[in-house]
Amino acid sequence: MRSSLAPGIWFLRAFSRDSWYRGFILLLTFLIYTCYHMSRKPISIVKSRLHQNCSELIRPPNDTHNPNDTTWCSWAPFDQDNYKELLGAVDNAFLVAYAIGMFISGIFGERLPLRYYLSAGMLLSGLFTSLFGLGYFWDIHVLWYFVLIQIFNGLVQTTGWPSVVTCIGNWFGKGKRGFIMGIWNSHTSVGNIIGSLIAGIWVSDHWGLSFVVPGVITASVGIITFLFLIEYPEDVDCAPPQHHDGSAENQNNPEDPGSSFYGHQESSMETATKCSKEPSAQPVAISFFGALMIPGVIEFSLCLLFAKLVSYTFLYWLPLYIFNVAHFSAKDAGDLSTLFDVGGIIGGILAGLISDYTNGRATTCFIMLILAAPMLFLYNRFGQNGIGSSIVMLIICGALVNGPYGLITTAVSADLGTHKSLKGNAKALSTVTAIIDGTGSIGAALGPLLAGLISPTGWNNVFYMLISADILACLLLCRLVYKEILDWKSSLSKDTGYREM
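What counts and how
- Starting from 1, residues in each chain are numbered consecutively following that chain's sequence as written.
- Where totals are concerned, whole chains, interfaces and linings use all residues; where local detail is concerned, this predicted model gives features only for residues with pLDDT of at least 70, and gives and counts side-chain atom pairs only at 80 or more.
- The side-chain values count all of the structure's non-hydrogen atoms but skip hydrogen atoms and water molecules.
- Each helix is a run of H or I in the DSSP string that is no shorter than four residues. Each strand is a run of E no shorter than two, and both are numbered from the N terminus.
- Each polar contact in these results corresponds to two N or O atoms within 3.5 Å; when the atoms are within protein, one needs to be able to donate a hydrogen and the other to accept it, and residues that are neighboring in sequence are counted only if both atoms are side-chain atoms.
- The criterion used for residue contact is that any of the two residues' heavy atoms lie within 4.5 Å.
- To qualify as a nonpolar core, a set must consist of buried Ala, Val, Leu, Ile, Met, Phe, Trp, Tyr and Cys residues joined through side-chain atoms within 4.5 Å.
- Each residue gets one of three labels from its accessible area relative to the maximum for its type: buried under 20%, exposed over 50%, partly exposed in between, using a 1.4 Å probe on protein chains only.
- Salt bridges are defined as contacts in which a side-chain nitrogen from Lys or Arg sits within 4 Å of a carboxyl oxygen from Asp or Glu.
- Here the expected length of a helix is defined as 1.5 Å per residue gap, with one fewer gap than residues.
- Between N-to-C directions, angles cover 0 to 180 degrees, with each direction set by a line fitted to C-alpha atoms, over the stretch in contact for helices.
- Roughly parallel means an angle under 35 degrees; roughly antiparallel means over 145; roughly perpendicular covers 65 to 115; every other angle is labelled oblique.
- Put simply, a crossing is left-handed when the front helix is turned counterclockwise from the back one by less than a right angle, and right-handed when it is turned clockwise.

(A) Region of interest: unusual backbone geometry. In this chain, Ala 76 is followed by Pro 77 through a cis amide linkage whose omega measures 10 degrees. Tracing the backbone through its elements, the reader meets Pro 77 in the loop between helix H3 (42-50) and helix H4 (83-111). Of note, the phi angle at Asp 237 is positive, near 60 degrees, even though the residue is not glycine. On the secondary structure map, Asp 237 appears in the loop between helix H10 (209-228) and helix H11 (248-251). Non-glycine residue Asn 359 carries a positive phi angle of around 55 degrees. Mapped onto the elements, Asn 359 comes out in the loop between helix H14 (330-358) and helix H15 (361-382).

(B) Geometry of the side chain of Ser 301. Note on placement: Ser 301 falls in helix H13 (residues 297-325). Within polar-contact distance, the side chain of Ser 301 engages the backbone oxygen of Val 297 at 2.6 Å. When neighbours within four sequence positions are excluded, Ser 301 is seen to be in contact with Ile 435, Ile 436, Thr 439 and Gly 440.

(C) The nonpolar core, seen in detail. Formed by 114 residues in total, the largest nonpolar core has its most connected members in Phe 146, Trp 207, Leu 376, Tyr 379 and Leu 466. Broken down by element, the residue count for this core peaks at 16 residues, all from H13. Setting aside chain neighbours within four positions, we find Trp 207 in contact with Val 46, Arg 49, Leu 50, Trp 75, Phe 132, Tyr 136, Phe 146 and Trp 202.

(D) Here's a closer look at the pattern of salt bridges. Inspection of the entire model under this criterion finds six salt bridges. Between Asp 437 and Lys 308 there is a salt bridge; the shortest N-O distance is 2.7 Å. Of this pair, Asp 437 sits in helix H17 (residues 428-454) while Lys 308 sits in helix H13; the two residues are 129 residues apart in sequence, bridging distant segments of the chain. In this structure, Asp 437 and Lys 308 share a single accessibility class: buried. One salt bridge connects Asp 356 with Arg 361, and the closest N-O pair in it is separated by 3.1 Å.

(E) Local environment of H10. Compared with an ideal rise of 1.5 Å per residue, which puts 20 residues at 28 Å, H10 spans 28 Å between its outermost C-alpha atoms and is within 8% of the ideal. The complete set of buried residues in H10 reads Ser 210, Phe 211, Val 212, Pro 214, Gly 215, Thr 218, Ala 219, Val 221, Gly 222 and Thr 225. Tucked into the core, H10 has its buried residues touching helix H2 (17-40), H3, helix H5 (114-137) and helix H9 (187-202).

(F) Spatial organisation of H9. An ideal rise of 1.5 Å per residue puts 22 Å on 16 residues; H9 measures up with 23 Å between its terminal C-alpha atoms. Here H9 has its buried residues at His 187, Thr 188, Ser 189, Gly 191, Asn 192, Ile 193, Gly 195, Ser 196, Ile 198, Ala 199 and Gly 200.

(G) Highlighting the packing of H3 against H13. Relative to each other, H3 and H13 sit at 30 degrees, their axes nearing to 7 Å. In terms of orientation, H3 lies roughly parallel with respect to H13. As for the relative orientation of H3 and H13, their crossing is right-handed in sense. Contact with H3, carried on its side by Ile 43, Ser 44, Ile 45, Lys 47 and Ser 48, involves Leu 315, Tyr 316, Trp 317, Pro 319, Leu 320 and Phe 323 of H13 and no other residues of that element.

No statement about biological role is implied by the geometric values presented.
Below, the structure is given as structure tokens:
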């Protein structure tokens, strides 16, 4: 008598060959961008070690500092009174270079093989991250070294986001894009958490390893990327996805209940084109200004500028805020700050689910950003009153701040990059992604810079700045939210008409 099929084999056969390849690409790109974010996080953990109050520490016998010097254990040049401005300069060296490079990176990403482009970017990112940490072992105390390393690292890290979003766009259609990308986009928070935990291991002793270890891991994953990344489904004889989900008639009908302002009223791509990989059949890459003209790109880009300003201020300054205000140790402050990223994972998935169900990307972002503003105020006012309230508020703030940020950089970017006006030209995806994330990166550079300049006047003022940025992000989505409401009303009236018939 033959035995029943083994459960493991039954599970393997439950999915098609295409599904296994898609799952593999989803996992690999998740791992890739987890490493990118993991390598960015250590600087926020190490800040509290680069400048600290040394009055309660025992001086070594050979110490030559002034007996009244309370920063003798800090790392020069960050032992000065203007250390916040210096640390802000180090942050912004990375972020400004990243913002500038992002606008160029998408153009290169459309014209170069993604496997080579991503692999080179990861290897160089691992190198520059490690070089920052090697400054500890080489006993380097000049500001320009750390600033220069951050500039180069910011430039090479721009290879990541447009490339992984383009790769995912090549493999996954519109369908449940918000939900899938909501889960996938948790790599940002997972990378931040892993980077915080790794950096926390060595922050109190040999802080250079807080950079060297993530750098080595990032470079290693770069090698894996070179060996295994598949850019197009057609390369392994898999069927390409459908990017559009309306009929040709619906495409030209703005009153169609299934239409959406920035992508849901798109027509179906003909499956006959799925195997056309000949050079003559390749679409022409879209221009920068052509991508800007896609409806919704400008609004979402500017919204992301302010949303990312808030997110990256937390990314770079939250551990120091907890260290200074709640008086935790450097390691404990870093560990507690990871809860903000845990909330970000929850918020990203929720935002994707809700936007898929309602077909309202802009409205979902708008509501979450509106709720984030009062939560930021409450966290600053009451979040440090106890460990319980701090944990709950950090998770909620992380969900409301990072949910819209994640939705815009993933599902919205992919929607706009496959907009109906492009007539199936998938070459626009990398440029659109770079424009949206590049504009957002301007906010990412401004946030930590403003935090460094404002924090000497009090942390309350930093939070007022963050709340203002949240409100501005909401206002920029008003036109798109209004359009989505009109779409819902049109859909409702048509459904009512069908029922009456």
